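Here is how the chains run, residue by residue.
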Amino acid sequence: MKSFNNLSAFKTPSNKTVVTIGTFDGVHIGHKYVLRKVIQLAQDNNYKSTVLTFFPHPRMVLQQDSSIKLLNTIQEKESLLSELEIENLIIHPFDLDFSRLSAEDFIKEILVEKLNVGIIIIGHDHRFGRNRTATINDLIEYGKEYGFDVQEISAKEIDDIAISSTKIRTALIEGDIYKATKYLGYNYFISGKIVAGKKIGRTIGFPTANIEVSEDYKLIPKNGVYIVSSTINNVKYFGMMNIGVNPTVEGLEQKIEVHFFDFNKDVYNKDIKIEIYSRIRDEKKYNSLEELKTQLKKDELISREFIINNL
């Protein structure tokens, strides 16, 4: 897959393209259904499969909605899409100027002249152009004028995709990892950098890697203890992760800490991807570090049993 960080960087292909447009947050099973259609149509017609997506998320710009939480960072989304057979991914910066582009200018300048579109696959409820006034019916008429076909994603398919995205976000906020995994089609994961912490875990025999997620729009699951894994130096290590404020030691800020089993190496400043398998329990305040240590030993036994039986 070739990736481009704006439309200007994309060289107009001599072959026609099959294009789909969307945010594709989560790149879940509903999205993949649509993306496979794009890939198949491109192969059938000797076209180039092309995804046009945007960053920041349009809601962040148009509604100044800083509270929006996304399932993927832009880097994570790019990684997930690269696992498919999409040939071109264009991540175009979304700003107010772009949002003010008229429908016809969007069709003519971007879809036709820049992307050389032959087929566009789009949802029945998709709206585009300034103030999102143009509909799929307008797109079909433009297709007749400029010589491209429009394939509509049905209302049911669109509803399934929207429902899946909502269910995934809700499940993660509620700590329901099983449901999130079911709709994603893969284990939800958190990417970040390992940074130094207070090293309290070492004093009770449970050293942790503190994960710093730099993108504040990334959705972090409900506070609690989770069974996780990560690949470090090409070796997969399992462990347990705590998301929370460390109430036993009077913590105030939310932190993400991972204790890897059978692992004792310096991994500070490494980038890491944490895959989440299951949630064990809520975060709880204990009367002492010794009481916390006793609970962590129980958590480890539960985690290791889960890993043996399920992974």
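Residues numbered from 1 in each chain as written. Predicted model: local features only at pLDDT ≥ 70, side-chain atom pairs only at ≥ 80, totals over all residues. Heavy atoms only, no water.

A separate point is the pattern of salt bridges. When charged atoms on two side chains of opposite charge get close, those side chains can pair. Applying the stated criterion across every chain, the model contains 13 salt bridges. Linking aspartate 25 and arginine 169 is a salt bridge whose minimum nitrogen-to-oxygen distance equals 2.8 Å. Taken as a pair, aspartate 25 in the loop between strand S2 (17-21) and helix H1 (29-45) and arginine 169 in helix H7 (residues 155-174) lie far apart in primary sequence, 144 residues in all. Each of Asp262, Glu300 and Arg304 takes part in one network of salt bridges that share partners. (Salt bridge = Lys/Arg side-chain N within 4 Å of Asp/Glu carboxyl O. Helix = DSSP H or I, 4+ residues; strand = E, 2+ residues; numbered from the N terminus.)

Next up on the list: the pairing of strand S3 (residues 48-55). Burial of S3 is extensive: 6 of the 8 residues sit out of reach of the surface. Strand direction decides the pairing type here: S2 and S3, joined by 5 bridges, are parallel. By the bridge assignment, valine 19 is partnered in S3 with threonine 50. Read as a crossover between parallel neighbours, the route from S2 over H1 to S3 is right-handed. (Buried < 20%, exposed > 50% of the residue type's maximum accessible area, 1.4 Å probe, protein only. Pairing = 2+ DSSP bridges. Right-handed = clockwise from strand over helix to strand, strands pointing away.)

Okay, the side chain of serine 49 next. Along the polypeptide, serine 49 turns up in strand S3. Under the relative-accessibility criterion, serine 49 is labelled buried at 1%. Setting aside residues no more than four positions away along its own chain, serine 49 makes contact with Val18, Val38, Ile39, Ala42, Glu85, Ile86, Glu87 and Asn88. (Contact = heavy atoms within 4.5 Å.)

Turning next to the sheet that holds strand S7 (residues 189-195). Read around the closed barrel, 6 strands run S7-S8-S11-S10-S9-S12, paired in antiparallel fashion. Averaged over all pairs of adjacent strands, the angle between strand axes in this sheet comes to 45 degrees, irrespective of strand direction. Sheet topology note: the S7/strand S12 (residues 271-281) ladder contains 5 bridges and is antiparallel. Across the sheet, the residue bridging to glycine 192 is isoleucine 272, located in S12. (Axes fitted to C-alpha atoms, helices over the stretch in contact; angles between N-to-C directions.)

Right, let's get into helix H8 (residues 177-184). Residues Ile177, Ala180, Tyr183 and Leu184 constitute the buried set of H8. When H8 is viewed along its axis, its buried side chains cluster within an angular range of 135 degrees and face the same direction. Those residues of H8 that are exposed and aimed more than 90 degrees away from the buried face are Tyr178 and Lys182. Looking at the packing, one finds that the buried side of H8 touches H1, H7, strand S9 (224-232) and S12. (Arc of directions from axis to C-beta.)

Attention now moves to the sheet that holds strand S1 (residues 2-4). One open sheet holds the 6 strands; their spatial order is S1-S4-S3-S2-S5-S6, and the pairing between them is parallel. Each of the sheet's edge strands pairs with one partner strand only, and the pair in question is S1 and strand S6 (149-153). Each strand of the sheet is rotated relative to its neighbour by a mean of 20 degrees, with strand direction disregarded.

Here we come to unusual backbone geometry. In this structure, proline 56 follows phenylalanine 55 across a cis peptide bond, with omega equal to 0 degrees. Mapped onto the fold, proline 56 is located in the loop between S3 and helix H2 (58-62). Even without being a glycine, aspartate 262 presents a positive backbone phi close to 55 degrees. Position of aspartate 262 relative to the elements: it lies in the loop between strand S11 (255-260) and S12. Of note, the phi angle at asparagine 269 is positive, near 70 degrees, even though the residue is not glycine. Here asparagine 269 lies in the loop between S11 and S12.

Attention now moves to the packing of H7 against H8. Relative to each other, H7 and H8 sit at 155 degrees, their axes nearing to 8 Å. By the angle between their directions, the pair H7 and H8 is classed as roughly antiparallel. Handedness of the crossing formed by H7 with H8: left-handed. Between H7 and H8, the contacting residues are Ser164, Lys167, Ile168, Ala171 and Leu172 on the first element and Ile177, Lys179, Ala180, Tyr183 and Leu184 on the second. In the contact of H7 with H8, the residues fall into 7 nonpolar, 1 polar and 2 charged. (Parallel < 35°, antiparallel > 145°, perpendicular 65-115°, else oblique. Left-handed = near helix turned anticlockwise from the far one by under 90°. Nonpolar A, V, L, I, M, F, W, Y, C, P; charged D, E, K, R; others polar.)

What follows deals with the packing of H1 against H7. Any two packed helices are characterised by the angle at which their axes cross and by the distance between the axes. The geometry of H1 relative to H7 is characterised by a closest axis approach of 8 Å and an angle of 140 degrees between their N-to-C directions. Overall, the two elements H1 and H7 adopt an arrangement that is oblique. Contacts from Gly30, His31, Tyr33, Val34 and Lys37 of H1 reach H7 at Glu157, Ile161 and Ser165. Looking at the contact of H1 with H7 residue by residue, the classes come out as 3 nonpolar, 3 polar and 2 charged.

On the surface, Glu104, Asp105, Glu109 and Glu145 cluster together to form a negatively charged patch. With 3 residues, the single largest contributor to the negative patch is helix H5 (residues 103-114). Tracing the sequence through the fold places aspartate 105 in helix H5. (Patch = residues over 30% accessible without salt bridge, like charges linked within 9 Å, V, L, I, M, F, W, Y side chains within 5 Å. Areas by Shrake-Rupley, 256 points an atom, 1.4 Å probe, with all protein chains shown as cover. Lys, Arg positive; Asp, Glu negative; His and termini not counted. Charge placed at Lys NZ, Arg CZ, Asp CG, Glu CD.)

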